[in-house]
Structures are given as structure tokens and as C-alpha cells.
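Letter by letter, the chains look like this.
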Amino acid sequence: MALTRARAILLVILAAAVAAGQAGAQAAARRVAVYEFVPLAGSSAAYARLFADSLALELERQGYRIVAAARLKELLAVPATDLAAAVAAARFAGADVAVVGFYLIEGQRIRIGARAVDLASEAVALSLEAEGAAGFDIFDTIDALSADLAARVRVALEPVLKSETIVEREEIIVETVVVEEVLELGTPITVALLSGDEGAVVRAEDPARGDPELGVVNEGRLELATKEGAALALIVGKEGHYPKRLSFTASAAEPERRLPRLTAKPASELFFRAALDRPFGLELGYRRYLLAESLAVDAAAGLYFVPYAYPAFMRFGVDPTIDELGGAVDLSLGAAAAFYPLSLLVPSLRLRPFIHAGLGSDLTLALAAGSGSPPISWTLRGLGGLGLRYGGRGYSLALALSFISPAMLSLGALQGTESPMGLRLSAEVTLPW
Amino acid sequence: MVASRTGARHRHLARLRAGALALAAALLLSACDLLLSMLPQAGANAAFAYADPRLETSVRINGLSEVFNIAVAPDGRVFAIARNGVAEYSSELALLKTYYADAAEGIQRREDGNGPEEWQVTNGPGVDPVLFATRSGVALYLFSSAGTIYQRKLFDMSYYAVIESTVDFNAVPVAYQEEPLLLFDPLIRVLGVDFIAPALYSIREQARVALANGFNSYNATLDLLTPWFSFPSSVSFAADLTIPRVRSEFSVHRLYPRNGIVALVMGSGSYIGEVESSTFIYDRALGGQPIARFDMRGAITAASDSALYAITGDRDDKGGWIHKLRFRP
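Residues numbered from 1 in each chain as written. Chains lettered and ligands numbered in written order. Predicted model: local features only at pLDDT ≥ 70, side-chain atom pairs only at ≥ 80, totals over all residues.

S.K.: Describe the overall build of chain B, with residues and values.
M.R.: The helix and strand inventory of chain B stands at three helices and 22 strands. For chain B, with 329 residues in total, the buried portion stands at 45%. Of the contacts formed within chain B by residues at least 6 apart in sequence, a portion of 47% connects residues at least 24 apart. (Helix = DSSP H or I, 4+ residues; strand = E, 2+ residues; numbered from the N terminus. Buried ≥ 20, exposed ≤ 12 C-beta atoms within 10 Å, placed from the backbone. Contact = placed C-beta atoms within 7 Å.)

S.K.: So what about the overall build of chain A? Which residues, and what values?
M.R.: For chain A, the helix and strand inventory stands at seven helices and 24 strands. Within chain A, buried positions represent 33% of all 433 residues. Taking as baseline every contact in chain A between residues at least 6 positions apart, the subset at least 24 positions apart corresponds to 59%.

S.K.: Explain the interface of chain A and chain B residue by residue, including any values.
M.R.: Each partner contributes residues to the interface: chain A has 44 residues there, and chain B has 40 residues. Residue assignment for the side of chain A that touches chain B shows that the elements contributing at least two residues are β17 (278-290), β18 (295-307), β20 (351-366), β21 (376-391) and β24 (422-432) of chain A. Residues of the side of chain A that touches chain B, tallied by class, amount to 23 nonpolar, 14 polar and seven charged. (Nonpolar A, V, L, I, M, F, W, Y, C, P; charged D, E, K, R; others polar.)

S.K.: Help me get a handle on the sheet that holds strand β13 (residues 199-211) of chain B, residues and values and all.
M.R.: Residues and elements named next belong to chain B. With respect to topology, four strands assemble into an open sheet ordered β12-β13-β14-β15, the strand pairing being antiparallel. If you trace the sheet from one side to the other, it starts and ends with β12 (188-194) and β15 (234-247), each paired once. Here the strands of the sheet are splayed against their neighbours by 25° on average, with no regard to which way each runs. Here β13 runs beside strand β14 (residues 215-226); their pairing, made up of eleven bridges, is antiparallel. (Pairing = 2+ DSSP bridges. Axes fitted to C-alpha atoms, helices over the stretch in contact; angles between N-to-C directions.)

S.K.: Provide a residue-level description of unusual backbone geometry, including the pertinent values.
M.R.: Residues and elements named next belong to chain B. Of note, the amide linkage connecting A197 to P198 takes the cis form, showing an omega dihedral of -15°. Here P198 shows up in the loop between β12 and β13. Cis rather than trans, the peptide bond between T226 and P227 has omega equal to -5°. Mapping P227 onto the fold places it in the loop between β14 and β15. Residue N213 is not a glycine yet carries a positive backbone phi of 60°. The residue N213 is located in the loop between β13 and β14 in this model. Since 14 C-beta atoms lie within 10 Å of it, N213 is described here as partly exposed. At D317, a position not held by glycine, the phi torsion is positive, near 65°. Locating D317 in the fold gives a position in the loop between β21 (307-313) and β22 (320-326).

S.K.: Tell me what's going on with the sheet that holds strand β1 (residues 55-61) of chain B, and back it up with residues and numbers.
M.R.: Residue and element names in this part refer to chain B. Spatial strand order, β1-β22-β21-β20: four strands in an open sheet with antiparallel pairing. If you trace the sheet from one side to the other, it starts and ends with β1 and β20 (300-303), each paired once. Ignoring strand direction, the axes of neighbouring strands in this sheet form an average angle of 20°. With six bridges joining them, β1 and β22 adopt antiparallel strand pairing. Its bridge partner being in β22, L55 is matched across the sheet by L325.

S.K.: Which residues make up the nonpolar core, and what values go with them?
M.R.: In globular proteins that are soluble, nonpolar side chains generally tend to be buried together. Among the nonpolar cores identified, the biggest contains 99 residues, and I70, A80, I81, V86, L131, L264 and Y309 of chain B are the most heavily contacted of them. Here the element with the most residues in this core is helix α2 (residues 40-50) of chain B; it accounts for seven residues. Sequence-distant contacts of L264 of chain B, that is, excluding residues within four places in its chain, are made with I203, L241, V252, L255, F280 and Y282 of chain B. Judged by nonpolar contacts, the second largest core, of 59 residues, contains F51, A98, F136 and A231 of chain A. (Core = buried A, V, L, I, M, F, W, Y, C linked by C-beta atoms within 7 Å.)

S.K.: Can you tell me about the packing of helix α2 (residues 48-61) of chain A against helix α5 (residues 138-156) of chain A, naming the residues and giving the values?
M.R.: Helix-helix packing is characterised by the crossing angle of the two axes and by the distance between the axes. Residues and elements named next belong to chain A. The N-to-C vectors of α2 and α5 enclose an angle of 50°; their axes lie 9 Å apart at closest approach. Taken together, the axes of α2 and α5 lie oblique to each other. For the pair α2 and α5, the sense of crossing is right-handed. From α2, L50, F51, S54, L55, E58 and L59 reach across to α5, where they touch I142, D143, S146, A147, L149, A150 and V153. Along the lines of polarity and charge, the residues of the contact of α2 with α5 split into nine nonpolar, two polar and two charged. (Parallel < 35°, antiparallel > 145°, perpendicular 65-115°, else oblique. Left-handed = near helix turned anticlockwise from the far one by under 90°.)

S.K.: Describe the pairing of strand β3 (residues 78-82) of chain B, listing the residues and the values that go with them.
M.R.: Residues and elements named next belong to chain B. Of all the five residues making up β3, five are buried; the element is thus mostly covered by neighbouring parts of the structure. Judged by which residues are buried, β3 turns out to be covered on both faces: V78, A80 and A82 on one side and F79 and I81 on the other are all buried. Where strand β2 (residues 67-72) meets β3, five bridges bridge the pair, whose relative direction is antiparallel. Across the sheet, the residue bridging to V67 is A82, located in β3. Pairing geometry for β3 and strand β4 (residues 85-89), over five bridges, is antiparallel. Looking at β4, one finds that A82 is bridged to G85. Counting the residues in the hairpin turn of β3 and β4 gives two residues.

S.K.: Lay out the confidence of the model for chain A with the relevant residues and their values.
M.R.: Interpretation of this model should avoid reading the predicted coordinates in detail wherever pLDDT is low. All names here are of chain A. Overall, the prediction assigns chain A a mean pLDDT of 81, with 85% of residues at 70 or greater. Confidence drops under pLDDT 50 across residues 1-27; counting only partners more than four residues distant or on other chains, this segment forms 14 contacts. Every residue in residues 177-184 is under pLDDT 50, and counting partners more than four places away or in other chains gives six contacts. (pLDDT = per-residue confidence, 0-100.)

S.K.: Got a sec to walk through helix α4 (residues 83-92) of chain A? Specific residues and values, please.
M.R.: All names here are of chain A. Burial in α4 covers these residues: A86, A89 and A90. Within α4, the buried residues cover an arc of 100° as seen down the axis, which keeps them to one side. Residues of α4 that are buried in the fold lie against β1 (31-34), α3 (69-75) and β4 (97-106). (Arc of directions from axis to C-beta.)

S.K.: Which residues make up the pairing of β21 of chain A, and what are the values?
M.R.: Residue and element names in this part refer to chain A. Sheet topology places β20 next to β21; 15 bridges connect them, and they run antiparallel. Of the residues in β21, the one forming a bridge with L351 is Y390. In this structure, β21 lies alongside strand β23 (residues 409-411), joined through three bridges in antiparallel fashion. From the neighbouring strand, T379 faces β23, where its bridge partner is S410.

S.K.: How would you sum up the environment of E274 of chain B? Please name residues and give values.
M.R.: Residues and elements named next belong to chain B. Tracing the backbone shows E274 in the loop between β17 (261-268) and β18 (276-283). Residue classification places E274 among the buried positions, given that 20 C-beta atoms sit within 10 Å. Sequence separation between E274 and G298 is 24 residues; the distance between their C-alpha atoms is 5.3 Å.

See below:
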């Protein structure tokens, strides 16, 4: 049994040696010079050598002999943009195939172009363009494009090895070695993302892979391992906040980068409102948001003291109609709706204009200094106007200008007379409920 | 019938036009007031102008159409005057009696651009009241037994007129025409009669101060004109009155010399729905600054000794309101 196994191993070794000898004899006719790819339009040069090495490995794996990169550098010190010069240098290096190419990084995509020239005929045997994802996936893209390009070169320039020879050379280990070498080509760096949004989740923008999560902001920062020159496209999100997107190129020169502050989504909230026309009092209300935070409805109750005559410094040149001590206690109840038109277009805006309309009723108990029972009156008025809201981290501030209509319904007032219109300037602070 | 409908339509159209013009003018003039209403004191004034804490009683005027004026008798009774009749109220606004005019004729009313005219109340033959329009010269004899009205036009037009109490149907009022009166004293702005004394008073403008944003203030005197029941021959000082900030387009409309107080009404407009007025109550002996001020739109005011009455008419002319307001909260 052991003898049989030893014999079989010997046969395999012999067969492999013969095959290797055949491959070496045929590969000698094809010697390939792979030039560094040329970055165009300001694209990072970090991938120029990577493309060439990756392609050379693929070709080498398929049986071609590769001219050493250092030798090509000696013969052609400048980037291989001049095809004639590249061909001449390759021929001088003893190659019979020259491969030149370029690449272009446009946002999240990388585009490459390559040519393979048969030096014997000086004909362009292969010319192709392809594109793939950049960003975090650029190394995978380079792998895939290199493999594709190598396969096409092999088709265009006749395989130098027989198919059975390739089958016998197929070793998973070789592929593993290629991957390891590619990973080592980029310069690993760490970028610290700084954020005031504790617990925010940072994701890579890659819809095809479901925007994979990169980490969570903890104690104001997130360490992100990446490569020098990598174009990063990130999405920062947090529960109850509008997500924000950003993109930048990772660089060791800028090891820390501050993430933009997230805008909280408006939610149910309590608000406190004060108005200039009745400064002695406050209104408390509850507000809910509907329709993608573009519509808000609220209800409020307020208690005010309205003196007949304000202190002189609060009159601003207006004389009191009733120049007496005392005043009226006003219990105010109201309901209103507000529309935020820009929220439909840019939801994460912090400064949001709005228009609003509603109804307000005032139950007034006048404090009579002289005679009789205190008069009670009730009025119902319409309110409408516009305002501006600034949303912060959970709270918001708003200023609103409202027209107050003449009384629509009233009791205990001067029925039949024309009740005057008014203008109200109010300020509001909200807290999340 | 057709002519009557056409006339009514023209009246409505004219009223609509006048209303639209008045509204436009009011909007222009009130733009400044509207901005000021954001401020505390102006906001309080606007609130109390409608929900007035001095309001004591309000009653609805039912059964009368085209309410257009008010009269307050020296004894405190209040009369709501409408196109088709008069309603008599006590000083507490309890309805005492309603009198109806001849349905075809109706009660004549006057809107001459000088503001709502003052209606006086005297006693006619017996104890029945007589209402007298001081500019248009219309006398309304109210018959309490039948609830009817005898209407008589005693003269065509005057600046001011007075009819004595306890007169008979042939009584002739004293009519003060404008030209001779102003020749007598060009400072006189309005006349008013005190039937208790009796005495005739005038308001004379002494100084006018133009304030910002289309407002004026005035210094005026309350003067006694003698003799009271004929053309005056002398003027004697009674009190200085300070008229605070009012719209510059306001003119002096009416003067009510009452027991202890004097009420001065300044305003614009004549039709009840468009009248805008400021009524000032002064201490009759001391004068000076007013002890009370009432700013109203769409109401005509008249004072008694202790209260101010304001009457309003419905927009559809089917009734109105009378309000009684005390002078202080």
C-alpha cells in the first residue's frame, strides 16, 4: 500500500517537472513589460504601481515572463504616456509585449484604460477600458480589473501555455500570495473621526453592500483604519437625527477630522412662549409633528396679567386708554398648525422658516378697583403669521410674528363694535417631550 | 315697489362703497397702530378697547331695524333710535317701551359728514318724551299710551339747536347757525346744553399740538355761553380741558355737559357703522386731564351723569346693541 502511494507521488512529481519544462520553453517566446499605470486628472498616484504589479502577477500566474519593474524604470524614467518611447524601452529590455495604461478616479468610481502592444508586429493587440468602485473597494476593484485585463491579454496574444499545463499550475496558494501582496501595497493609516454626537453610527456609503457599518462614535471619537489616499465616503447617522454624508481623502497629514453635527428630527415637544404685547405671563403648550416633520400642530394654555397702565418704561410713547391701577387676568387657550415648507426639500436644515395659523381664545377677568363684580369677557380670535425656528440638540428656539384678527366670537365684550386687529411678536423655547 | 327696491339697492351699494373706502382709509391709518399693537401698552389698549373692563351691561336691541343713534335723557333714561322706531330703556338698560314710527315714512336720519348728531330728550305735552335732533331739526313725539311716534321737522338744518322742555307741539327751537356763531367766536368747535341748569356750553380750541404718526393733542376750554336760549352775547370761562393724543382727522362731534362731568366726543365718520371716536370724560369743575377715555369703532356714544352709553347697529340692519360703561374699572 505504501509502495503504491510512493509510486503515485513519484509519477505526479515527474509529470509536474515535464509540464514545467514545457511551460518554460514556450513562455520564453513571450516576455511582457508592464509599465506603471498613469494617474490622470489629478487622481492619486498611489495606485500606479499597484495596478502594474497586480497585472504582472496575473500575467506571471498565467505563464508569461515579466520584465522587472526596476529595469523598466531604468529605461524609461518618466510615466509611460508616450507609446513609442514605451515600446522602444520594452524592446530594449528584451520584451516582446508591452502593456501601458492609465486610470482616473472620479468620486466613488475608478476608470482604467490599457493597451497591450505586440512588439514583433508593433500592432496594438489589445485596447480596453473598464471601470469599477473606488473608495474602500478600490483594492478589490484593482484585483478584478487586473485579472480581467490579464485574461484579455492572454486571449489576444495567444496563450503560451497549454491548458493542461495551467490546470497543473493552478494553486490556490498562489492566489493567496497575490492578495497578501496587494494589501501590503497601500500605506495603512488611522484617521480619528471626532464628533459631538455620542453614539452616532458611521457607515461607508456603498448602497450595493447595504452601507456597511464602520463603527460607533464613543467618547467623542471613532478610530478608522484605512489607507493613505483612500477616498472615503461616509454616512453618519443616529437615532432621532437626520443622517449626514461626507467624503474626503484619507491622509496621514490630517489624522483627525471633525464630523458635521447631526440635526435632531423634530419630535413631540413642550414649548414655552412669551409675547411682547403681554409680557407679564407665559404660555405652555404641546406640539406634534406630522408629514415628514413638515407640519406641526400644537395646543397651548397661558396665563397673563395685563395691567390697564404699564410702567412708564414699558409704554414706548403709548398712553394708556385706562389710566388706572389694576388690570385683568387673562387665561389664554389656543390651537394652531404650522407648515415648514423647506422641510420637504432639505429636512436637516437647522434654521427653518414656517407659516402658521390657528385660533386663540382669551378668558379675561378684570380686576375692578371701584365697584361691582369683576367683569368677565371671552373672545375668540384667529391668528396667522410667519416665523423662524432654529433647532438645536433636542431643543429649538422660534420667533413668530402673528396677525390677530378681530374677535370672531365674544361674550361680555362690546358686541357690535369693531374689535381692533393686533400684531404679536412672540418667542418660544421648546424641549423634547 | 320697484322704485323702493331700486332705492334700497342704491343705498346698499353706496353703503358698501363708503364702507370699502372707510376700510381702506382705516387700514392705511391703522398701519402704524397695528405695528404699535406689538408693544405692551398698545396691546393692552387694543385688548381693553373691546373687552372693556368698564362694561356694566349690554342689551340686544330687538324689533328695530336700521339702528342709527342714541339719546340719553337728563334723568338717565336711554333711547335707541332706529329707522322704524325708538326703544326706551332705563338707566340700567331695562327695556321700558318700544315706539314705532309710521311704517311708510320711517324716522329721518342725517349723515352730513360732521359726525353723528346729538339727540336731546325733553318732555313733550303731558309726560311723554320728545326726542330732538340738534342738527337736522327733527322732533319725535313719543306716545306711551299707543306706542307710536309723531314725527315733525321743525327746521331744515343748523349748526346746533336746542328745544326747551315742557313745550307744546308748536314749540320753536333755538337754532344756532354756523356763520354767525363763528363770527361771534371763531374758536367755538361744538355746543352742548345742560338741561338741568339750564345752560349752554361750548368747547373752544385754544392750542393744537401736532404729534408723530398723524396724531394731535389739544388744549381747549369749556365755556359758558349766555343767554342760553337765544343767540349768545357773552362767553365766560368754565374749565380748561386737555385733549390727549387723538387722530388728527378727528373733529369735535358732540358735547354733553352733565351733573359733575362733561363728556366730549371727537371722531370721524357719520354713519354708525363707520364712526370712529374717542370719548373723553372730564371732571366738570376741575377740567384738566380726562378721568376716562373710551376709544370705539362702529359705535355712537352719549353720556349720562355717571355712565357712558354706546349704541351699535348690526351690519344687516336688523338690530343692534346698547352698552353701558362706567367711567372707571
